[in-house]
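A structural walkthrough
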Amino acid sequence: MHLGEDIDVDDFVICDYRVTTDLPMADAANAIAAEQSTGTWTDLSTTTSKIVDRYGARVLSIDGDLIRIAFPNEDFSIDIGGVPQILSVIAGNLFGLESVSKLRLEDVTFSKEILSMYKGPKFGVDGLRDLLGRPEKPLVGTIVKPKIGLSPKETANYVYEAGAGGLTNSKDDETLSNQKFCPIEDRTVAVAEALDRLESEGHRMMHAINVSTNGDKIVELAEKVQSWGAKELMVDVITCGFAAVQALAEDPSIKVPIHVHRTMHGALTRDPLHGISMLPITKLVRMCGGDALHIGTLGVGKMSGNPKGDLANLNACLDPVGGYRTVMPVCSGGVYPGMIGRMVQISGKNVQVQAGGGVSGHPGGVRKGAMAMCQAIDAAFQDIPVTEYAKDHTELHEAIVKWGYK
Ligand code: 3PG
């Protein structure tokens, strides 16, 4: 059902919501549009038709349980509000309204005016590929495991072994910060030495140091980590906030790429009827300047998700939008070599595939685990079935014997 007047899409931010309600859908949609713009639960002595006409959100369409609402550009702050204010409008009070039992923000399309307020990634896919000297093949990485407990020296040794096995990327895991067993300064310095050693041996690799912390400290921490030799930073976007990603990306002192992890996203994204899908999160991360972002494993790895939804996230990283650079989509979570062929078939080559357990759980250790991952990427890149390629690649064969293939 099309309800709204014809609008100029350049003047609005348009959101798709999935709504579960006992009310007639039109009533629920109007309640949402009102609550998120010029109305509340009752009529007001202070509002005017001029205010409602100019700033009121419009219900554009209702299609089963999907409603489309358009918010005028003018509802959004021109400078200081940032993503916190955007989220208050498109994903704020509406989740708690009594009149809807469940509600999910499925997608958002930002107008050119809003997009122009954000700069997007500084590096993105091309920048990461340039830094790594890897123009075509998928990037292939690891997450240092166990996620906590290794010392700086053990972490650096893991990174070196992973690079010696051919990996292009590695990273801290989301729970590693500055614990006593692995102080961030010592870890960053030790990892930088390992990366330099690899480079002197002819292999370029980067490792993302986790700088997730309080908002008032994150840029300062990132500057320090950079001065200790970090070649990439990692930030958890849901726990730290979009504004933290933007603060890092837009600060002129930060000169390395930002790898964006999404720990805790399942609390928002997992319920198919309630919360916020990964797609709006992906779009906001790109606006805020994330260079690489975890998008799911396309229905293949350990995290819940499905190929269609994850592919939409991947496309939101790579499709032309806002004049921004593209974001490197990262497939991570329960990945092992035998599933890479299927994953890359869905994702295409512009992807970073990474594995923690799928590298360090290899029977031959980290280096052989890294080799098996690289062999699986090579097989996928050349469109050769993984079992065929494993016939004369021992490390891949051993990985398949341990974990199988899909
Ligand atoms: C991640 O950061 O994606 C996870 O720590 C992946 O770990 P895994 O490859 O061992 O599942």
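What counts and what doesn't
Residues numbered from 1 in each chain as written. Predicted model: local features only at pLDDT ≥ 70, side-chain atom pairs only at ≥ 80, totals over all residues. Heavy atoms only, no water. Helix = DSSP H or I, 4+ residues; strand = E, 2+ residues; numbered from the N terminus. Buried < 20%, exposed > 50% of the residue type's maximum accessible area, 1.4 Å probe, protein only. Contact = heavy atoms within 4.5 Å. Areas by Shrake-Rupley, 256 points an atom, 1.4 Å probe, with all protein chains shown as cover. Lys, Arg positive; Asp, Glu negative; His and termini not counted. Charge placed at Lys NZ, Arg CZ, Asp CG, Glu CD. Pairing = 2+ DSSP bridges. Axes fitted to C-alpha atoms, helices over the stretch in contact; angles between N-to-C directions. Salt bridge = Lys/Arg side-chain N within 4 Å of Asp/Glu carboxyl O. Phe/Tyr/Trp six-rings, centres within 6.5 Å; stacked < 30°, edge-to-face > 60°. Lys NZ or Arg CZ within 6 Å of the ring centre and 35° of its normal. Parallel < 35°, antiparallel > 145°, perpendicular 65-115°, else oblique. Nonpolar A, V, L, I, M, F, W, Y, C, P; charged D, E, K, R; others polar. Left-handed = near helix turned anticlockwise from the far one by under 90°. Polar contact = N/O pair within 3.5 Å; in protein donor to acceptor, adjacent residues only side chain to side chain.

Quick notes on the overall build of the chain
Of the regular secondary structure elements, the chain holds 18 helices and 13 strands. Summarising its shape, the C-alpha atoms of the chain cover approximately 75 × 45 × 35 Å along the three principal directions. In the chain, which comprises 406 residues, the share counted as buried stands at 52%. For the chain, contacts bridging at least 24 residues in sequence account for 75% of all contacts bridging at least 6. Counting only carbon and sulfur atoms, one obtains 52% of the accessible surface of the chain, whose full area is about 17,500 Å². Taken together, the 39 basic and 51 acidic charged side chains of the chain have centroids lying 6 Å from each other.

With respect to the pairing of strand β7 (residues 206–210)
Counting buried residues along β7, 5 of its 5 residues qualify, which places the element largely inside the surrounding structure. Residue alternation in β7 divides its side chains into two sets, Met 206, Ala 208 and Asn 210 and His 207 and Ile 209, and both sets are buried. As paired elements, strand β6 (residues 169–171) and β7 share 3 bridges and run parallel to each other. Note that in β7 the partner of Lys 171 across the bridge is Ala 208.

Here we look at the sheet that holds strand β10 (residues 275–276)
Backbone-to-backbone hydrogen bonds pair the strands of a sheet. The strands run either parallel or antiparallel. In space, the 5 strands of this open sheet follow the order β2-β3-β1-β4-β10, with mixed pairing throughout. Unpaired on one side and paired on the other, β2 (58–63) and β10 mark the two borders of the sheet. Relative to strand β3 (residues 66–72), strand β1 (residues 12–20) runs antiparallel, the two being bridged by 7 bridges. When the sheet's bridge partners are listed, Arg 18 is paired in β3 with Leu 66. Along the sheet face, helix α12 (residues 278–288) touches β4 (102–109) and β10 and points at about 40° away from the line of β4.

Some details on the pattern of salt bridges
This structure, assessed with the given rule, holds 20 salt bridges. Of the charged contacts in the structure, one is a salt bridge between Glu 106 and Arg 18, with a shortest N-O distance of 2.9 Å. Here Glu 106, found in strand β4, pairs with Arg 18, found in strand β1; they are 88 residues apart in sequence, far enough to count as distant. With a relative accessible area of 23%, Arg 18 lands in the partly exposed category.

Here we look at helix α5 (residues 124–132)
Within the span of α5, buried status applies to Gly 124, Val 125, Gly 127, Leu 128, Arg 129 and Leu 132. After α5 finishes, the residue Gly 133 shows a positive phi value of roughly 60°.

Some thoughts on the sheet that holds β6
Strand order around the closed barrel formed by 8 strands is β5-β6-β7-β8-β9-β11-β12-β13, with parallel pairing between neighbours. The sheet shows a mean angle of 25° between the axes of neighbouring strands, direction not considered. Across 2 bridges, the pairing between strand β9 (residues 258–261) and strand β11 (residues 292–294) is parallel. Considered in β11, the bridge of Val 260 is made with Leu 293.

Quick look at the environment of Gln 246
Following the sequence through the fold, Gln 246 ends up in helix α10 (residues 242–250). When the C-alpha positions of Gln 246 and Gly 289 are compared, they lie 5.9 Å apart, and in sequence the two are 43 residues distant.

So, the packing of aromatic side chains
Tallying each qualifying case throughout the model produces 1 aromatic pair. The side chain of Arg 197 reaches across the aromatic face of Tyr 160, ending 3.8 Å from its centre.

Focus: the side chain of Thr 155
On the secondary structure map, Thr 155 appears in helix α6 (residues 152–164). In this view, Thr 155 contacts Val 144, Leu 150, Cys 182, Arg 187 and Val 191; residues no more than four positions away in its chain are not counted.

Some details on the packing of helix α16 (residues 366–381) against helix α18 (residues 394–403)
Between α16 and α18, the shortest axis-to-axis distance is 8 Å and the interhelical angle comes to 95°. Taken together, the axes of α16 and α18 lie roughly perpendicular to each other. Here Lys 368, Met 371, Ala 372, Gln 375 and Ala 376 of α16 lie close against α18, whose contacting residues are Glu 395, Leu 396, Glu 398 and Ala 399. A per-class count over the contact of α16 with α18 returns 5 nonpolar, 1 polar and 3 charged.

Section: the packing of α6 against α16
Put simply, α6 and α16 touch, their axes get as near as 7 Å, and they point 40° apart. Taken together, the axes of α6 and α16 lie oblique to each other. Of the two elements, α6 crosses α16, and the hand of that crossing is right-handed. Of the residues in α16, those touching α6 at Tyr 158, Tyr 160, Glu 161, Ala 162 and Ala 164 are Val 366, Arg 367 and Ala 370. Classifying every residue of the contact of α6 with α16 by side-chain character gives 6 nonpolar, no polar and 2 charged.

Description of the side chain of Arg 262
In this fold, Arg 262 is placed in the loop between β9 and α11 (266–269). The buried charged residue Arg 262 lacks any salt bridge, with Asp 310 as its nearest oppositely charged partner at 5.4 Å. Here the side chain of Arg 262 touches His 294 through a polar contact of 3.5 Å, landing on its backbone oxygen. Residues contacting Arg 262, with those up to four places away along its chain left out, are Asp 236, Val 237, Ile 238, Met 278, His 294, Ile 295 and Gly 296.

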